[in-house]
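# Structure assessment
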Amino acid sequence: MSGPTRYRIALVALLLTALVAVGGCPPSAAPKEPVSPAVPPPPSKTKATSGPEESTGSGLSGLATAQFAPNVPDIKVGAYLALSGPQATFGQSTRKAIELAADEINAAGGIGSKQITLIVKDDRSRKEDAASCVRMLIDQDKVDAILGEVASSNSLAAAPLCQEAGVPMITPSSTNPRVTQVGDCIFRVCFIDDFQGEVMARFVRNTLQAQKAAILTDLANDYSVGLGKRFREVFTELGGQIVAGDTSYAEGDKDFSGPLTKIAAADPDVLFVPGYYTDVALVAKQARTHGLRATICGGDGYDSSKLVELAGEAANGLYFSDHCWKGDPSPTVRNFYQAYQAKHGAEPDALAALGYDAMYVLAHAFARAGSTDKAAVRDALAGTREFAGVTGTFSIDAQRNAKKAAVVLTIKDGAQALAETIPAD
Amino acid sequence: MHGGLAQQVVEQAFNALFNGSVWALIAVGYSMVYGVLKLINFAHGEVFMVGAFVGYLAVVELHWPWMAGLGLAMVACPLLALLIERAAYRPLRAAPRLAALITAIGVSLLLQNLAIRIFSAEPKGYPRLLSDSALRLVIIGTAIACTVALHEVVHRTQVGTAIRAVSHDREAAALMGINVNRIVAIAFVLGSAAAGVAGVLYGMYYNVEPLMGFRPGLYAFVAAVLGGIGSVRGAAVGGLALGILLVAASSIAIPLGGEAALELSKYKTTITFLVLTAALLFRPAGLLGRGQVQKL
């Protein structure tokens, strides 16, 4: 090897090594740095000493005055959300609400006079990025707990990492049942698709009086597949008939002419599309062109301020299940609505409400645990009872899910309107 | 049953024609550039995307009528394509073909990410300017008009003869006094104008987003190859063939007896590319292509 070539090779090797070090491939066997201080945490307040009727804390009460381990400088909460990409409105709403909650808590004195530090990462609506964001939050930012994600596929990608590291994770809005089944560190503050699918199937069968329904699922999307399956189960149980087979699309498809023409030929009363707003907008627009007279219904993936912009007039008459209704007159909802509107200049959607509740549930878990010890926080989360949030009053059950009421919303004249309220089953 | 099987087939054929029209409009650009430069212009899908954004900005920000937006895209896209040709491809004309190919991919990624930076990756919708059924007819009509027009240009005009000469043998054409640079530029302009038109119409029918050029670009490339790359007619035929293939794959269910049926839509991408591969195995120069005899 000639002299100059050897030096060039060495230089390139050096550059590559530097790139790798800076790029931050985290060492796989990172020793777990104990976050809890030298002072042992106070005796566990996490065993549910409160019975099912007694609340373990809601709102700001009890947070600032909680007893907290003194050596901890602050409480680091990480969040991984889709701030860009096709599901950007999901992540943006949730982020704004989480920030609102954290700011409120900090302004009122934090948790046991410790401030919350929020670290938010953008996973660009992609599950690969979700996993790497969480990897960074755990290894580099060393967060005490994680909030995220909205899309079930992304939560499923990241949950195993949190479980393995013992970091408690709360998903505000992922409804696929498998998310919390990943492990005992994974929680959610929303209902699951077993319930949501049933809600819509009943609504479609009983309120919309549909005899025949067709289903169009997004095969690449765990949420869509799970919700579609559950809808099919319950709808047929209730005596309805599923027509046009099992049509599907792949996320990112824009043209639905093939499946829609086929579905139109079967003339269903309802077309159930359990997908996200970007795809649903296109389906709705194209449905009329293909002679489909069916009402299009779906789940909480429709909840986005962009749905009407993308679907135009075709958005009117859609029905979808959701977690809460922003027009709810209860004081908790109205206060949240006004605070969010004042701070961000936009109306909150259900995802924002869930993000807000998730942050408060987490804050109360920290307060009851009295430290940032992950196991203690995890136990405290599991013991959450009768939390009075914007999205309702709920407890975390043994499967780490929340039993909550649902609403069915519709779009009328380009805006969301309430169609029906369904109590927690 | 709403419409029998015959009606369904007719409607699906129309869907295929509609989809095929979009790809044909884009495929024409791939064919022309490949013809004169033997280069697959991977950045062509992004020219399509830029056309869509130009139209979107004209209509939504400047409040122009949509046809004016179309006209603007027909100007902007060729300009962009000329810029790419000058800056990225011309310097590499003598370099190995792989270098130009990789540069093309690089330009594609550059444009995509630039668009994400400027516009954010969220899809944007047009206000309702034209009914969807009317828009479908416009797209099909435009595709037919453009492909016919381009075919006439390539086969009946002097410029067209020069283009064909350059595609046949670039050096010989230069020796015959043809200004190769000018001809290459014209080829880019013609192809990109068509892509710009496709972009605006596509954006009006679906939506507009920075990554919208990836899949149509890929499908158009496949269509161009399927039909016989280098020929305008090939691009049209390829587009139609691919449209039929995809619509069929996304809606056919093979009955398996009783209630069960095999839904092909689950495998539509797989099926499409399998058929493409098979077609090329039997006709490597494409459906309309003729194998070129290498005279040594």
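Let's shift gears to the packing of helix α6 (residues 158–168) of chain B against helix α8 (residues 180–205) of chain B. All names here are of chain B. Put simply, α6 and α8 touch, their axes get as near as 10 Å, and they point 105° apart. Our classification of the angle between α6 and α8 gives roughly perpendicular. Contact with α6, carried on its side by Val159, Ala162, Ile163 and Val166, involves Val180, Ile183, Ile186 and Leu190 of α8 and no other residues of that element. Here the residues of the contact of α6 with α8 sort into eight nonpolar, no polar and no charged.

This paragraph deals with the interface of chain A and chain B. Tallying the contact residues gives 36 residues for chain A and 33 residues for chain B. Three residues stand out in chain A for area buried against chain B, namely Lys254(A), Lys262(A) and Ala265(A), and they jointly supply 20% of the buried area on that side. Across the chain A-chain B interface, the total number found is four salt bridges. Linking chain A with chain B are 16 residue pairs in polar contact (both at pLDDT 80 or more). At the level of elements, α2 (88–107), β8 (247–249), α8 (257–266), α9 (277–289) and α10 (307–311) of chain A are the ones that each hand at least two residues to the side of chain A that touches chain B.

Moving on to the domain arrangement of chain A. Residues and elements named next belong to chain A. Assigned domains within chain A: domain 1 (75–191 + 327–404) and domain 2 (194–322). Here the C-alpha centroids of domain 1 and domain 2 sit 28 Å apart. In this assembly, 20 residues from domain 1 lie in contact with 18 residues from domain 2. Summed over both sides, the interface between domain 1 and domain 2 buries roughly 1500 Å², with carbon and sulfur atoms accounting for 50% of that surface. Looking only at domain 1, the three residues that lose the most surface to domain 2 are Thr89, Phe90 and Phe191, adding up to 32% of its buried area. At the boundary of domain 1 and domain 2, one finds one salt bridge. Two residues, Arg178 and Asp222, come together in a salt bridge whose shortest N-O distance is 3.5 Å. Those elements that provide at least two residues to the side of domain 1 that touches domain 2 are α2, α4 (152–165) and α12 (350–369). Looking at the side of domain 1 that touches domain 2 residue by residue, the classes come out as nine nonpolar, seven polar and four charged.

What follows covers the pattern of salt bridges. All names here are of chain A. The final tally for this structure, using the stated rule, is 24 salt bridges over all chains. One salt bridge in this structure joins Arg378 and Asp379, with 3.0 Å as the shortest N-O distance. On the accessibility criterion, Arg378 (17% relative accessible area) is buried. Judged by its relative accessible area of 28%, Asp379 is partly exposed. Overlapping salt bridges bring together Arg124, Arg126, Glu128 and Asp129 as one network.

It is worth spelling out helix α3 (residues 127–139) of chain A at this point. Residue and element names in this part refer to chain A. Under the 1.5 Å per step criterion, the end-to-end length of α3 is 18 Å for 13 residues, consistent within 8% with the ideal 18 Å. Among all positions in α3, only Asp129, Ala130, Cys133, Val134, Leu137, Ile138 and Asp139 are buried. The elements touched by buried residues of α3 are β1 (75–81), β2 (116–122), β3 (145–147) and α4.

What follows covers the nonpolar core. All names here are of chain A. In terms of nonpolar packing, the biggest core is built from 189 residues, with Leu271 and Leu362 touching the most fellow members. No other element matches the 16 residues that α12 contributes to this core. Once residues lying within four places of it in the same chain are set aside, the contact partners of Leu362 are Val77, Ala145, Leu147, Ile170, Val377 and Leu381.

Quick look at the sheet that holds β1(A) now. All names here are of chain A. The parallel open sheet is built from five strands, whose spatial order is β2-β1-β3-β4-β5. Edge strands, defined here as strands with exactly one partner in the open sheet, are β2 and β5 (186–188). Taken over all neighbouring pairs, the strand axes of this sheet differ in orientation by 25° on average, direction set aside. Relative to β2, β1 runs parallel, the two sharing seven bridges. Pairing of Val77 across the sheet is with Leu118, part of β2. The strands touched by α4 are β1, β3, β4 (169–171) and β5; relative to β4, the strand with the most contacts, the crossing angle is about 165°. Running at roughly 165° to β3, α12 makes contact with β1, β2, β3 and β4 of the sheet.

Thresholds applied
- Residues numbered from 1 in each chain as written.
- Chains lettered and ligands numbered in written order.
- Predicted model: local features only at pLDDT ≥ 70, side-chain atom pairs only at ≥ 80, totals over all residues.
- Heavy atoms only, no water.
- Axes fitted to C-alpha atoms, helices over the stretch in contact; angles between N-to-C directions.
- Helix = DSSP H or I, 4+ residues; strand = E, 2+ residues; numbered from the N terminus.
- Parallel < 35°, antiparallel > 145°, perpendicular 65-115°, else oblique.
- Contact = heavy atoms within 4.5 Å.
- Nonpolar A, V, L, I, M, F, W, Y, C, P; charged D, E, K, R; others polar.
- Buried area = accessible area lost by both parts, 1.4 Å probe.
- Salt bridge = Lys/Arg side-chain N within 4 Å of Asp/Glu carboxyl O.
- Polar contact = N/O pair within 3.5 Å; in protein donor to acceptor, adjacent residues only side chain to side chain.
- Domains from an automatic or database assignment.
- Buried < 20%, exposed > 50% of the residue type's maximum accessible area, 1.4 Å probe, protein only.
- Expected span 1.5 Å × (residues − 1).
- Core = buried A, V, L, I, M, F, W, Y, C linked by side-chain atoms within 4.5 Å.
- Pairing = 2+ DSSP bridges.

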